[in-house]
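So the chains spell out like this:
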Amino acid sequence: MPQDTLVFDLLKKELKRQREGIELIASENFTSYQVIQATGSVATNKYAEGYPGKRYYGGCEVVDEIETLAIERLKKVFNANWANVQPHSGAQANAAVFLACLKAGDKILGLDLSMGGHLTHGSPANFSGKTYQAFFYGVERESGLVNYEQLEQTARAEKPKMIICGASAYSRDWDYARIRKVADEVGALVLADIAHPAGLIASGLLNDPFDHCHIVTSTTHKTLRGPRGGVIMMRHDFENPFGLKDPKGNIRSMSALLDLAVFPGLQGGPLEHVIAAKAVAFGEILDPSFKTYQEQVRVNAQTIAKAFTDKDYHLISGGTDNHLMLIDLRNKNITGKKAQETLDRAHITLNKNSVPYDDKSPFVTSGIRVGVPAITTRGMKTEHMQIVADMIDKVLMNADNDQIIASVREEVKIFMQQFPLYPELG
Ligand code: DSN
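Residues numbered from 1 in each chain as written. Predicted model: local features only at pLDDT ≥ 70, side-chain atom pairs only at ≥ 80, totals over all residues. Heavy atoms only, no water.

## Examining the packing of helix α11 (residues 288–310) against helix α14 (residues 382–397)
It is at 9 Å that the axes of α11 and α14 come closest, and there the two elements cross at 40°. Comparing their axes, α14 and α11 come out oblique. The way α11 lies across α14 gives a crossing that is right-handed. Between α11 and α14, the residues in contact are Q296, V299, N300, T303, I304, A307 and F308 and T382, M385, Q386, V388, A389 and I392, respectively. For the contact of α11 with α14, the per-class residue count stands at eight nonpolar, five polar and no charged. (Axes fitted to C-alpha atoms, helices over the stretch in contact; angles between N-to-C directions. Helix = DSSP H or I, 4+ residues; strand = E, 2+ residues; numbered from the N terminus. Parallel < 35°, antiparallel > 145°, perpendicular 65-115°, else oblique. Left-handed = near helix turned anticlockwise from the far one by under 90°. Contact = heavy atoms within 4.5 Å. Nonpolar A, V, L, I, M, F, W, Y, C, P; charged D, E, K, R; others polar.)

Put into structure tokens, the structure is as follows:
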């Protein structure tokens, strides 16, 4: 059969874009080539509704082994005793947790999206805010740190069934023990969505949420550097606190309820090719080189944060403990939207982002989010961070100067040639 040149030419173009640009989207990364191979494998052909050993289709004996391997490796990565690797994404993972633990109309408490939270933590635009009664905590105006007092006060006043910690644009570590304490006081479950910092947590570089949070969800494609997908985990399979029942009316363990929520509650056939790629990525995480990578991510983040601060950029919370930072551009006379679009023209990719207490709409925003997992995978070290910060500053300070932007684009292209990406693809 002839190759679909239209699509494959576009994929070549995308490879070129990835190779020639500086990728600073905090939620992106470059997987290993073997993760790409597994994602593009024959396992895409297999239907396997159910779980290993309990499928609704024949011929599942091999994908059973693949999925079991993924589960066992993931459990080892986080020292968990239960994991589900089927969620198609982080949003699906969170939806499955809500489905297992809550009834429509129950109260949930999460970090406000405009303060760095995630859509699925109760935003009115998302199923989580439409199905459940969502309350929010924020970050302190001065420090930019999570306002734990507000979280506690709201928890005591509203008595939510679930408190969600985790964020999409928060550069500091979390006090999981403090959140669990108030959750126990008001009878709430704690869900930690570690999609962003999961790789640093896996490497022991940030606080471990597993002993304090009942359930932990993550994506697999950000700092974990695996294929696009989600997972749900628990270190301790706890008793079902609200007497929640399975569809047959039986009270079950939380792990059984979570499995049922993923399938058949929310999803049909699992993406076994992606699960194979997850297994590969989890194997890579178990290799000591992954910790070295995460240490470099963190030192790169801190180094570029300092480079920005030295140029009078205002970082929310003043710096970073993890892989990202949020920059308030209001003293630089450029919006987040314009910054993103202008940097794009220089092949420097990041996203505009609301900053806490932003006076601009989410379509415009006053800030940008900068993350270093992808450039660290490309091989950048601390000495490269100043160069990247200088290029960003040059673009932002000359946003209406086409000639300067074109010259930085050329500079970026030459700079990136020293960091090869997927040589296997020619
Ligand atoms: N996880 C989000 C991000 O941080 O980019 C998208 O949902």
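Read on, since the account is not over.
## Some thoughts on the nonpolar core
Judged by nonpolar contacts, the single largest core of 87 residues is most densely connected at I22, F78, W174 and F308. With eight residues, the single largest contributor to this core is α11. Here W174 is in contact with L111, Y137, V146, Y148, C165, G166, A167, I179 and N207, once residues within four sequence places are set aside. Of all hydrophobic cores here, the second largest spans 26 residues; its members include A96, I108, L244 and L257. (Core = buried A, V, L, I, M, F, W, Y, C linked by side-chain atoms within 4.5 Å. Buried < 20%, exposed > 50% of the residue type's maximum accessible area, 1.4 Å probe, protein only.)

## Points about the side chain of N94
Among the structural elements, N94 can be located in helix α4 (residues 90–101). Here T217 takes part through its side chain, which lies 2.7 Å from a polar atom of the side chain of N94. If we ignore the near neighbours within four places in the chain, the residues touching N94 are T120, H121, L191, D193 and T217. (Polar contact = N/O pair within 3.5 Å; in protein donor to acceptor, adjacent residues only side chain to side chain.)

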